[in-house]
Amino acid sequence: MSLTREGIAYRVACDLPDGSYVNLGIGIPTLVSSLIGKDKEIFFHSENGILGMGPLAQPGHEDRDLINAGKQYVTLLPGASFFDHPTSFSMIRGGHIDYAVLGALEVAANGDLANWRTPGEKVPGVGGAMDLAFGAKQVIVTMTHVTNKGKPKILNKCTLPLTAPRCAKHIYTDMAVIDVTPEGLVLREFAPGLDPKTVQAHTEAPLRVPSNCKQMDVPANYQQTAQPVR
Amino acid sequence: MSLTREGIAYRVACDLPDGSYVNLGIGIPTLVSSLIGKDKEIFFHSENGILGMGPLAQPGHEDRDLINAGKQYVTLLPGASFFDHPTSFSMIRGGHIDYAVLGALEVAANGDLANWRTPGEKVPGVGGAMDLAFGAKQVIVTMTHVTNKGKPKILNKCTLPLTAPRCAKHIYTDMAVIDVTPEGLVLREFAPGLDPKTVQAHTEAPLRVPSNCKQMDVPANYQQTAQPVR
Amino acid sequence: MVDKTLGSCEEAVAGVFDGATILLGGFGDPGLPGQILEALRRQGAKNLTVVHNGSGGGTHALGGLIHDGKVRKLIASFPSNPGNQSFQEKYLKGEIELELVPQGTLAERIRAAGAGLGGFFTPTGAGTDLAAGKESRVLDGREMVFEKALHADFAFVRAYRGDRLGNLNYRMAMRNFNVPMCTAAKHVVAEIDELVPVGGIDPEDVHTPGIFVDHVIEVERHPEYLIITTEGR
Amino acid sequence: MVDKTLGSCEEAVAGVFDGATILLGGFGDPGLPGQILEALRRQGAKNLTVVHNGSGGGTHALGGLIHDGKVRKLIASFPSNPGNQSFQEKYLKGEIELELVPQGTLAERIRAAGAGLGGFFTPTGAGTDLAAGKESRVLDGREMVFEKALHADFAFVRAYRGDRLGNLNYRMAMRNFNVPMCTAAKHVVAEIDELVPVGGIDPEDVHTPGIFVDHVIEVERHPEYLIITTEGR
């Protein structure tokens with residue numbers, strides 16, 4: 001068993017505290033916004049100058065001037081605001097964004113994050129990834145636990161160029177929730193049907209398994225019996 | 001004969017081109033705004049975040065939130081705008097203000113300006129003076145030609161601490177209009193009833209007198225028969 | 001539900017500790033948080049470092065705080081403002097430290113702190129007494145001085161309208177130092193004329209987004225015009 | 001009477017010279033001056049350095065300018081945007097130079113130029129490949145990288161409303177890079193949806209004051225959505 005992509009996003013959504021200011025990267029992180037419980041107010045930030053974004057715009061209701069950083073048409077929630085790029089990145093770089101939820105290619109045991117240079121890419125692009133990785137109060141990484149060739153992505157040391165050193169604080173994958181601590185990686189939760197040993201087998205860096213490590217509490221519709229998601 | 005304070009301001013007002021963005025310092029410069037010809041649109045900037053200021057507010061019509069940098073209640077002209085301090089000083093420092101019209105204690109032949117430390121002052125204060133002196137495209141100095149003890153204020157070298165080196169481009173006094181050029185000071189105009197020799201006698205730094213040097217064309221109400229203004 | 005509103009100015013200043021650094025908003029009367037200042041006087045914290053354009057007027061508000069001997073250091077651009085008797089007296093006796101900063105540099109240092117920048121090079125002041133001892137280099141063909149980001153523990157400002165999320169809207173010349181100050185302190189409180197429902201400020205009209213603000217308090221403006229409005233900046 | 005309005009986009013680009021540096025506004029479609037870009041293609045200036053967040057999509061607008069071989073160098077944060085065939089082709093052939101800058105650093109370098117600052121220290125990128133060869137130092141306890149102000153000859157942006165004084169108002173997410181870009185070039189032109197009389201934009205709603213703008217031109221938006229709106233920043 002493992003989590004679906006939505007399952008990973010759901011698990012992150014459960015942990016975001018009420019009142020948080022959050023920036024969502026592309027990929028799995030984008031799915032988080034629609035999975036926030038109704039009891040919480042979370043304020044979503046977009047690099048291109050929006051705070052308080054709502055869901056994606058319904059077809060036919062797009063506004064040409066209202067897109068997110070991923071160039072998708074979005075909506076606003078009450079209490080939203082618009083601003084320019086310098087202000088937007090002041091929010092990021094100045095440590096005002098509580099959580100940046102980012103995809104990753106590799107994460108190291110010390111929190112090093114690699115997510116901007118893809119092997120084999122033709123044109124490099126960094127966008128706001130470094131600003132977010134360096135600037136947010138906490139960086140949450142969401143990704144599949146292993147590559148589509150089954151190789152671990154949580155490593156002793158990143159092999160790809162870093163986005164930022166020592167920035168990741170929490171790692172959410174289809175197999176586990178892992179905290180990055182000064183003493184190394186700590187396995188907080190494992191997916192239903194797995195156990196710490198199996199998670200470690202798919203993880204290059206050593207995992208500490210504390211006594212309160214437990215199985216994730218995730219609804220069945222966010223689980224899959226197939227291989228971990230690719 | 002010499003110019004009144006209003007006369008100095010009037011002479012500056014005549015020279016400001018249509019469409020200029022102008023910041024007026026305290027003292028004589030403040031008088032410039034009400035002396036602009038009706039045929040010109042001049043945009044007055046205030047450090048505290050206003051572009052397009054109009055005249056001072058009439059008694060009884062003051063708005064508590066609308067003051068200039070001198071803490072006087074002002075009005076707005078159509079096309080005005082409000083902004084914060086960083087933006088306001090971006091306008092100044094970034095060279096977007098065409099003219100800063102500033103008072104002075106001393107000006108040197110090379111354009112050095114001293115206007116922020118007063119001899120005998122108890123508490124120093126710089127305000128926006130340095131930003132304006134360093135940042136404006138052109139600095140226009142307005143002042144009485146000599147001190148109230150009759151000593152020249154246009155010197156070979158300033159004796160007071162500088163506000164900015166080599167910033168003054170034009171000097172308007174009760175006795176003369178002088179340009180600061182790479183070759184030194186050039187007497188452009190002298191007050192009615194004076195001559196270049198008399199102006200030089202009240203000026204420590206040497207004045208070049210070009211062939212087109214002429215008497216100022218200033219209405220009689222801006223002239224006084226008394227001593228030069230103090 | 002997020003609710004950043006406070007019930008009293010006392011709550012706004014409750015956390016201020018001896019030795020704290022405070023960004024005090026306003027330029028003249030517009031944007032000055034007069035009620036919070038009075039609460040701060042009553043609260044009693046001392047050895048404060050206050051960052052403000054001037055040094056306050058008379059013996060109320062900032063002038064009062066200085067008069068009471070609560071301010072150890074003032075970081076300002078124009079402490080020589082009219083009516084500054086409280087500051088002048090302490091300054092001449094050597095009882096208060098002054099860091100004099102050009103107005104634009106002061107605003108930019110505060111902005112830099114809020115924007116997560118460490119510092120910047122500015123032409124303002126290069127070669128003058130105010131750049132004495134400071135690092136300088138030539139950039140874009142001009143001599144420039146290095147200025148550091150100015151962080152603080154608290155920022156107190158006044159805005160026009162606000163909501164429970166901390167979104168603020170200013171009126172006319174109220175924005176001044178308040179916009180950058182709200183970004184540069186660990187704890188930010190805004191006095192507001194009017195608390196409006198969420199959505200009551202159009203998204204285009206939010207000058208300080210709630211992300212920068214910890215608390216808002218709806219309170220009438222201080223009845224006195226705290227800054228003497230006479231020429232002199 | 002001051003009148004900054006232009007009659008055609010041709011006038012807007014008439015002064016662009018070979019080798020010029022151009023700040024190109026917009027993030028995605030909002031704020032992108034599509035009509036001026038098309039006029040720039042027709043105008044023919046070459047060896048341009050273009051500063052823009054991405055590298056344009058398809059073979060129109062910026063993609064077209066690159067496709068036509070007019071761009072010598074691109075300074076961008078996300079040239080790997082979807083639809084960037086024109087750029088990719090030139091880049092892989094070594095026919096276009098790329099300076100890759102983190103998005104926040106790019107915005108701040110442009111702002112610094114407009115604000116008369118020489119440069120600043122930012123934590124973003126410290127210790128990564130993008131900081132290779134750059135000066136760094138520890139400030140506020142963090143390693144920071146020195147980044148220089150980014151000046152330009154021209155800035156072209158799109159705004160929502162404008163007046164003959166050059167005052168601009170943006171709508172929703174149009175502000176993006178346009179606000180700083182208008183401050184950082186010698187010659188600034190804004191395409192606008194609607195020319196309004198002076199005073200038609202409330203003083204509180206002017207996002208780019210006219211002091212920063214040389215010309216405005218009222219012109220319909222480019223009929224095509226110039227940026228492919230699909231996920232990927």
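Before going into details, it helps to say that this report is about the structure given with it. These numbers were taken from a predicted model, which means no experiment stands behind them.

A word on the overall build of chain A
For step 1, the next point in the chain: Along its length, chain A carries four helices and 16 strands.
For step 2, the next point in the chain: Relative to the 2.2 N^0.38 estimate, which gives 17 Å for 230 residues, the radius of gyration of chain A is 17 Å and therefore close to what a compact globule would have.
For step 3, the next point in the chain: Principal axes of the C-alpha set define a box for chain A whose edges measure 50 × 35 × 30 Å.
For step 4, the next point in the chain: In chain A, which comprises 230 residues, the share counted as buried stands at 64%.
For step 5, the next point in the chain: Counting contacts in chain A only where the partners sit at least 6 residues apart, residues at least 24 apart contribute 63% of the total.

Here we look at the side chain of D:Asn167
For step 1, the next point in the chain: Locating D:Asn167 in the fold gives a position in the loop between β8 (152-162) and β9 (168-169).
For step 2, the next point in the chain: The exposure class assigned to D:Asn167 is buried, which follows from its relative accessible area of 2%.
For step 3, the next point in the chain: At 3.0 Å, the side chain of D:Asn167 forms a polar contact with the backbone oxygen of B:Gly79.
For step 4, the next point in the chain: Only 3.0 Å separates the side chain of D:Asn167 from the side chain of D:Asp163, close enough to count as a polar contact.

With respect to the environment of D:Gly56
All names here are of chain D.
For step 1, the next point in the chain: Its place among the elements puts Gly56 in the loop between β2 (48-51) and α3 (61-67).
For step 2, the next point in the chain: Here Gly56 falls in the buried class, since its relative accessible area comes to 6%.
For step 3, the next point in the chain: Taking C-alpha positions, Gly56 is 9.8 Å from Phe78, a pair spaced 22 residues apart along the chain.
For step 4, the next point in the chain: When near neighbours in sequence (up to four residues on either side) are disregarded, Gly56 contacts Leu62, Gly63, Asn81, Gly83 and Asn84.

Regarding the pairing of strand β5 (residues 119-122) of chain C
For step 1, the next point in the chain: Neither face of β5(C) is left uncovered, since the one carrying C:Gly119 and C:Phe121 and the one carrying C:Phe120 and C:Thr122 both have all their residues buried.
For step 2, the next point in the chain: Pairing of β5(C) with strand β7 (residues 142-148) of chain C, which is carried by four bridges, proceeds in the antiparallel orientation. What sits directly across from C:Thr122, in β7(C), is C:Val145.
For step 3, the next point in the chain: Bridge count between β5(C) and strand β5 (residues 119-122) of chain D: three bridges; the pairing is antiparallel. Directly across from C:Phe120, in β5(D), lies its bridge partner D:Phe120.

What to know about the sheet that holds strand β7 (residues 106-108) of chain B
All names here are of chain B.
For step 1, the next point in the chain: The three strands are arranged β8-β7-β10 in an open sheet whose pairing can be described as mixed. Each having just a single partner strand, β8 (113-114) and β10 (154-155) make up the two edges of the open sheet.
For step 2, the next point in the chain: Across two bridges, the pairing between β7 and β8 is antiparallel. What sits directly across from Val107, in β8, is Leu113.

A few points about the pattern of salt bridges
Pairing between side chains of opposite charge can happen when the charged atoms of each approach one another.
For step 1, the next point in the chain: One pass over the structure, following the stated rule, counts 60 salt bridges over all chains.
For step 2, the next point in the chain: Where B:Arg188 meets B:Asp15, a salt bridge forms, and the shortest distance between an N and an O atom there is 3.6 Å. Here the residue B:Arg188 occupies a position in strand β13 (residues 184-190), and B:Asp15 occupies one in helix α1 (residues 5-15), the gap between them amounting to 173 residues.
For step 3, the next point in the chain: Given a relative accessible area of 29%, B:Asp15 falls into the partly exposed group.
For step 4, the next point in the chain: Of the charged contacts in the structure, one is a salt bridge between C:Glu108 and D:Arg111, with a shortest N-O distance of 2.7 Å. Linking C:Glu108 in helix α5 (residues 103-114) with D:Arg111 in helix α5 (residues 103-114), this pair reaches from one chain into another.
For step 5, the next point in the chain: We classify C:Glu108 as buried; its relative accessible area is 2%.

Quick word on the environment of C:Glu95
Residues and elements named next belong to chain C.
For step 1, the next point in the chain: Tracing the backbone through its elements, the reader meets Glu95 in the loop between α4 (85-92) and β4 (97-100).
For step 2, the next point in the chain: Put simply, Glu95 and Glu191 are 96 residues apart on the chain and 30 Å apart in space, counted from C-alpha to C-alpha.
For step 3, the next point in the chain: Once residues lying within four places of it in the same chain are set aside, the contact partners of Glu95 are Val71 and Lys90.

Details of the interface of chain B and chain D
For step 1, the next point in the chain: Each partner contributes residues to the interface: chain B has 21 residues there, and chain D has 21 residues.
For step 2, the next point in the chain: Between chain B and chain D, a total of about 1,700 Å² is buried, with carbon and sulfur atoms accounting for 61% of that surface.
For step 3, the next point in the chain: There are one salt bridge connecting chain B and chain D.
For step 4, the next point in the chain: D:Arg164 is the partner of B:Glu41 in a salt bridge, and the nearest nitrogen-oxygen pair spans 2.8 Å.
For step 5, the next point in the chain: The tally of links between chain B and chain D comes to ten residue pairs in polar contact (both at pLDDT 80 or more).
For step 6, the next point in the chain: Contributing elements (two or more residues each) for the side of chain B that touches chain D: β5 (74-82) and α2 (85-93) of chain B.
For step 7, the next point in the chain: With six residues, the top contributor of residues to the side of chain B that touches chain D is β5(B).
For step 8, the next point in the chain: Grouping the amino acids of the side of chain B that touches chain D by side-chain chemistry returns eleven nonpolar, seven polar and three charged.

A look at the interface of chain A and chain D
For step 1, the next point in the chain: In this assembly, 44 residues from chain A lie in contact with 52 residues from chain D.
For step 2, the next point in the chain: Each partner contributes to the roughly 4,100 Å² buried at the junction of chain A and chain D, and carbon and sulfur atoms together form 59% of this total.
For step 3, the next point in the chain: Ranking the residues of chain A by area buried against chain D places A:Arg64, A:Asp65 and A:Lys71 at the top, with a combined share of 20%.
For step 4, the next point in the chain: Taken together, the links from chain A to chain D amount to four salt bridges.

Section: helix α2 (residues 34-43) of chain D
Residues and elements named next belong to chain D.
For step 1, the next point in the chain: Taking burial as the measure, the ten residues of α2 include eight buried ones, the bulk of the element.
For step 2, the next point in the chain: Looking at α2, one finds that the buried residues are Gly34, Gln35, Ile36, Leu37, Glu38, Ala39, Leu40 and Arg41.
For step 3, the next point in the chain: Just past α2, the residue Gly44 takes up positive phi, approximately 100°.

Digging into the packing of helix α2 (residues 85-93) of chain A against α5(D)
For step 1, the next point in the chain: Between α2(A) and α5(D), the shortest axis-to-axis distance is 9 Å and the interhelical angle comes to 130°. Classed by the angle they form, the pair α2(A) and α5(D) counts as oblique. Crossing handedness for the pair α2(A) and α5(D): left-handed. Between α2(A), through A:His85, A:Pro86, A:Phe89 and A:Arg93, and α5(D), the contact on the second element is made entirely by D:Gln103, D:Gly104, D:Thr105, D:Ala107, D:Glu108 and D:Arg111.
For step 2, the next point in the chain: For the contact of α2(A) with α5(D), the class distribution of residues is three nonpolar, four polar and three charged.

What to know about the sheet that holds strand β10 (residues 154-155) of chain A
For step 1, the next point in the chain: One open sheet holds the three strands; their spatial order is β8-β7-β10 (chain A), and the pairing between them is mixed. Every other strand in the sheet has two partners, leaving β8 (113-114) and β10 of chain A as the edge strands with one partner each.

Observations concerning the pairing of strand β4 (residues 50-56) of chain B
Residues and elements named next belong to chain B.
For step 1, the next point in the chain: Most of β4 sits out of view: five of its seven residues are buried.
For step 2, the next point in the chain: The pairing of strand β3 (residues 43-46) with β4 spans two bridges and is antiparallel. Directly across from Ser46, in β4, lies its bridge partner Ile50.
For step 3, the next point in the chain: Hairpin connection from β3 to β4: three residues lie between these consecutive antiparallel strands, with Gly49 at a positive phi of about 105°.
For step 4, the next point in the chain: Looking at chain direction, β4 and β5 are connected through four bridges and run antiparallel. Across the sheet, residue Met53 finds its bridge partner in β5, namely Leu76.

Section: the packing of aromatic side chains
For step 1, the next point in the chain: A complete count under the given rule lists 15 aromatic pairs over all chains for this structure.
For step 2, the next point in the chain: With a centroid separation of 5.2 Å and an interplanar angle of 45°, the aromatic rings of D:Phe121 and D:Phe146 are classed as tilted. Here D:Phe121 is found in strand β5, whereas its partner D:Phe146 is found in strand β7 (residues 142-148), with 25 residues between them in sequence.
For step 3, the next point in the chain: When its relative accessible area of 9% is taken as the criterion, D:Phe146 is described as buried.
For step 4, the next point in the chain: Taken together, the aromatic side chains of C:Phe121, C:Phe146, D:Phe121 and D:Phe146 make up a single cluster linked through ring pairs.

Calculation notes
- Residues numbered from 1 in each chain as written.
- Chains lettered and ligands numbered in written order.
- Predicted model: local features only at pLDDT ≥ 70, side-chain atom pairs only at ≥ 80, totals over all residues.
- Heavy atoms only, no water.
- Helix = DSSP H or I, 4+ residues; strand = E, 2+ residues; numbered from the N terminus.
- Rg over C-alpha atoms; globule rule 2.2 N^0.38 Å.
- Buried < 20%, exposed > 50% of the residue type's maximum accessible area, 1.4 Å probe, protein only.
- Contact = heavy atoms within 4.5 Å.
- Polar contact = N/O pair within 3.5 Å; in protein donor to acceptor, adjacent residues only side chain to side chain.
- Pairing = 2+ DSSP bridges.
- Salt bridge = Lys/Arg side-chain N within 4 Å of Asp/Glu carboxyl O.
- Buried area = accessible area lost by both parts, 1.4 Å probe.
- Nonpolar A, V, L, I, M, F, W, Y, C, P; charged D, E, K, R; others polar.
- Axes fitted to C-alpha atoms, helices over the stretch in contact; angles between N-to-C directions.
- Parallel < 35°, antiparallel > 145°, perpendicular 65-115°, else oblique.
- Left-handed = near helix turned anticlockwise from the far one by under 90°.
- Phe/Tyr/Trp six-rings, centres within 6.5 Å; stacked < 30°, edge-to-face > 60°.

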